[in-house]
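Residues per chain, in single letters:
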Amino acid sequence: MSFVVGLVVGIVVGFALIVVFVRSENARSKLRTDLAATVAAFARMTVEDSRQLLGPEYYPSWVVFSQRQKLNWLNSHLTKIWPYVNEAASELIKSSVEPTLEQYRPIILSSLKFSKFTLGTVAPQFTGVSILESDSSGVTMELEMNWDGNPNIVLDVKTRLGVSLPVQVKDIGFTGVFRLIFKPLVEELPCFGAVCYSLRQKKKFDFKLKVIGGDITSIPGLSGALEDTIHNAIEDSITWPVRKIVPILPGDYSDLELKPSGTLEVKLVQAKDLTNKDFIGKSDPYAELYIRPLRERTKTSKIISNDLNPIWNEHYEFVVEDASTQHLYVKIFDDEGLQASELLGCAQVQLSELEPGKVKDVWLKLVKDLEVQRDNKYRGEVHLELLYCPYGMENSFTNPFAKKVEMTTLERVLKNAALTEREVSQKKREVIVRGVLSVTVISAEDLPVVDLMGKADPFVVLTMKKSDTKNKTRVVNENLNPEWNQTFDFVVEDALHDMLIAEVYDHDTFRKEYIGRCILTLTRVILEGEYRECFTLDGAKSGRLNLSLKWVPQPIYRDSQW
C-alpha cells in the first residue's frame, strides 16, 4: 500500500515540476521577446525621440546632442594657408568695417580710422558645420567658429580737442556661428550664382582697449564709447539678418539683399514685482526695447519714479527683417541719475511664435542674463502686447492699423505717398482713434477672504487711465463669488494710448480695502470689436474677474501742419 502511495505522490510531484518548468521557460521566453522588442525600439530612436522622453535637465553635462559635424580636416588646412588668408581678409574687413565705424563714431571724437589691421598668426578653429533645410533654390550652411587670436589692430582716434591717440584692440576672444547661403542654384559650375555670408550668432566677443604709450582712462568715457562703437559696427555691418553678397557668376542678385518683411507693433503695458535696488525708497524703472541693438532702433520708455509696479502704456513700432530668426528684447533698468543705470532684468520674445495679424498679450518673466538658461530667481515680470504685420499679406487677415479703424502704419503711408521718415512719424502721431467702450462687469470668482467673518463685500471700480473717468459697481455683501452684470460706457478720445483699469475693493463702513486689479489695453477690442474673458487679479492671493468689452469706433483725425 505504501508503495502505491509513494508512486502516486512521485508522479504528482513530477508532473508539478514539469508544469513549473514549462511555465518558467515560457515566462523567460516572453521576457526575452519583450527585451528584444525594447532594444529594437531603442535602436530606432532618433535624437528628437530622446529629447521628448527626457528633458535636458535629466542628462549629465557631458551629454550633448548636436547635428554639427566636426571639421578637423578644415582646421588643419586652414592653419597651413592662414598667412595668405590673413593678408587677403585683413584688407577686405578693414575696407568694409571702417565706414561703419565712422557712422557710429562717438560725438567726442572728430575722426576714427584704422592705422593698422592684420588678423595675426593664429588661425580660427571651426568646431562644427551643419546644413539647414531650406527652399530648393539654395543651400544654407552654418559654421561654428572659435578664435582667440593675436591680431595687430590699431585705431587712430582723434578727439575734438585735437588730441590724437593710437588705441590698440587686443586680447580678442570670439565664439560665434557664421551662416553661408549658396543661392541661386544654377546649371553652371560652380552650380551657384552667389554666396551670402553673415554672423548668425555671436556667442562671445571680448576684447581690451589700450592706448599705446598711455592710459585710456585719462579721457573719461572714451573706453566705453569705443567699445559701444565697435559692437554697433559689427552688429550693423555683418550680424544676421544683415548679409554680405559675393557674386560668383554674372547676374542680378538684388533679391538676396536685406529687405524689411513687416512691422512689429509693441505696447509696453506694465511691469510688476520688480527688484528694489535703492537703499532709500524704491527703484525708478524704465525699459529699453529693440530687435537689433542699434542706437537708432532702440526704444526707451519714460522713467517711473519710486515704483516697483510701473504702468507705461507706451506704443512702439519696429521694422522686422526676418521673423523666423529675430527676437524682441526687453531690458528693465533702474535709473540712477548721473550714474550708470542698473539692470533689473531682461526678457525676449521669439517673433516666429507670433501669429500674423493677431494680438498676443504676454507676461514675460525677467532674468538676469538671457544666456543663462537656469536662472530660477524671481525678478518680476513685464507685460507686453504684440502684433506682427507682414508686408504683402494685407488681405489675409484683419489689420487693426488699416483704414477700417482710421490708423496708418509705415507700410500704408509708404505705399500711398512718398513721405520722408520724419513726415511719417509726424503723421502717425496725429492719428487718433475715438469711440465708445462698453464694459460689462459680469462677475468675480474665488476672491480672497478679507473680513473676519470669512467673507468679503466686493465692488469694482473701472477707470480710464488717460481721462481718469471712473465708474463703480454696486456692493455685493458677504460673497466671494459675486455677480454684478452691470454695463458702463466710456467715451474714449484716444484709444491707442488709453487703457482700462479694473480694481476690486472690499467695502467696509469707514473705508475700502484693496483686493486686486487687472489692466487692459484697448488694442484687442479695437481689433475684434467685442470679446469676453476671465482675467486674473494682480496683487491678490486669488481671484478672477469676468468682463465683457465692446467697441464702437468713431474715428477722427486732428488737423496737422507740416
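Since we're looking at a predicted model, the values are computed, not measured. (Residues numbered from 1 in each chain as written. Predicted model: local features only at pLDDT ≥ 70, side-chain atom pairs only at ≥ 80, totals over all residues. Heavy atoms only, no water.)

Engineer: Hey, could you go over helix α3 (residues 72-103) for me, with residue numbers and the actual values?
Structural biologist: Between its first and last C-alpha, α3 extends only 39 Å over 32 residues, short of the 46 Å set by a 1.5 Å rise per residue. A maximum bend of about 65° is found in α3 at isoleucine 81, where proline proline 83 lies one to four positions downstream. Buried residues along α3 sit in contact with β1 (109-118), β2 (125-132), β4 (152-159) and α4 (222-237). (Helix = DSSP H or I, 4+ residues; strand = E, 2+ residues; numbered from the N terminus. Expected span 1.5 Å × (residues − 1). Bend = angle between axes of the 7 residues up to and from the residue. Contact = heavy atoms within 4.5 Å.)

Engineer: Which residues make up unusual backbone geometry, and what values go with them?
Structural biologist: A cis amide bond links leucine 189 with the next residue in sequence, proline 190, at an omega value of 10°. If you trace the backbone, proline 190 turns up in the loop between β5 (164-185) and β6 (192-211). Looking along the chain, the bond that leaves tryptophan 240 and enters proline 241 is cis, with omega of 15°. Along the chain, proline 241 falls in the loop between α4 and β7 (244-247). One non-glycine residue, asparagine 306, lies in positive phi territory at about 55°. Following the sequence through the fold, asparagine 306 ends up in the loop between β10 (299-300) and β11 (311-320).

Engineer: Any chance you could break down a nonpolar patch on the surface for me, citing the residues and the numbers?
Structural biologist: On the surface, Ile18, Phe21 and Val22 cluster together to form a nonpolar patch covering roughly 300 Å² of accessible area. Topologically, isoleucine 18 is positioned in helix α1 (residues 2-44). (Patch = residues over 30% accessible without salt bridge, like charges linked within 9 Å, V, L, I, M, F, W, Y side chains within 5 Å. Areas by Shrake-Rupley, 256 points an atom, 1.4 Å probe, with all protein chains shown as cover. Salt bridge = Lys/Arg side-chain N within 4 Å of Asp/Glu carboxyl O.)

Engineer: Talk me through the pairing of β4; I want residue IDs and the actual numbers.
Structural biologist: Here β1 pairs with β4 via eight bridges, running antiparallel. Within β4, the residue paired with threonine 118 across the bridge is asparagine 152. Between β4 and β5, which pair antiparallel one after the other, the connecting turn spans four residues, and glycine 162 there sits at a positive phi close to 90°. (Pairing = 2+ DSSP bridges.)

Engineer: Run through the confidence of the model for the protein chain, naming residues and quoting values.
Structural biologist: Per-residue confidence for the protein chain gives a mean pLDDT of 80, with 81% of residues at or over 70. Predicted confidence for residues 401-430 stays below pLDDT 50, and this span has 54 contacts to residues more than four positions away or in other chains. Every residue in residues 557-562 is under pLDDT 50, and counting partners more than four places away or in other chains gives twelve contacts. (pLDDT = per-residue confidence, 0-100.)

Engineer: Just give me the short version of the environment of alanine 287, but keep the residues and values in it.
Structural biologist: Locating alanine 287 in the fold gives a position in strand β9 (residues 285-290). Overall, alanine 287 belongs to the buried group, its relative accessible area being 0%. Beyond its immediate sequence surroundings of up to four residues, alanine 287 is in contact with Leu268, Lys299, Thr300, Ser301, Trp312, Lys331 and Ile332. (Buried < 20%, exposed > 50% of the residue type's maximum accessible area, 1.4 Å probe, protein only.)

Engineer: So, the packing of aromatic side chains: which residues are in play, and what are the values?
Structural biologist: Counting across every chain of the model gives nine aromatic pairs. Relative to phenylalanine 117, the ring of phenylalanine 114 lies with its centre 5.0 Å away and its plane at 80°, an arrangement referred to as edge-to-face. Note on phenylalanine 114: relative accessible area 12%, which makes it buried. Look at phenylalanine 182 and phenylalanine 192: their rings are 5.0 Å apart centre to centre, the planes differ by 65°, and that puts the pair in the edge-to-face class. Within this pair, whereas phenylalanine 182 is found in strand β5, its partner phenylalanine 192 is found in strand β6, the two being separated by ten residues in sequence. The same class applies to phenylalanine 182 as to phenylalanine 192, namely buried. These aromatic residues form a ring-pair network of at least three members: Phe174, Phe178, Phe205 and Phe207. The residue whose ring lies beneath lysine 512 is tyrosine 505, and the NZ or CZ to ring-centre distance is 4.4 Å. (Phe/Tyr/Trp six-rings, centres within 6.5 Å; stacked < 30°, edge-to-face > 60°. Lys NZ or Arg CZ within 6 Å of the ring centre and 35° of its normal.)

Engineer: With reference to specific residues and values, describe the pattern of salt bridges.
Structural biologist: Under the criterion given, the structure shown has 18 salt bridges. Of the charged contacts, one joins glutamate 513 and arginine 511 as a salt bridge, the two residues approaching to 3.9 Å between their closest N and O atoms. Classification of glutamate 513 by relative accessible area gives partly exposed; the value is 28%. Connected via shared salt-bridge partners are Glu142, Arg179 and Arg200.

Engineer: Please provide a residue-by-residue account of the sheet that holds strand β8 (residues 262-272), values included.
Structural biologist: Spatially, four strands are ordered β11-β8-β15-β14 in an open sheet, and the strand pairing comes out antiparallel. The open sheet has two edge strands with one neighbour each: β11 and β14 (360-365). Along the sheet, successive strands turn relative to each other by an average axial angle of 25°, direction set aside. When β8 meets strand β15 (residues 381-390), the two strands line up antiparallel, connected through ten bridges. Counterpart to lysine 272 in the pairing with β15 is glutamate 381. (Axes fitted to C-alpha atoms, helices over the stretch in contact; angles between N-to-C directions.)

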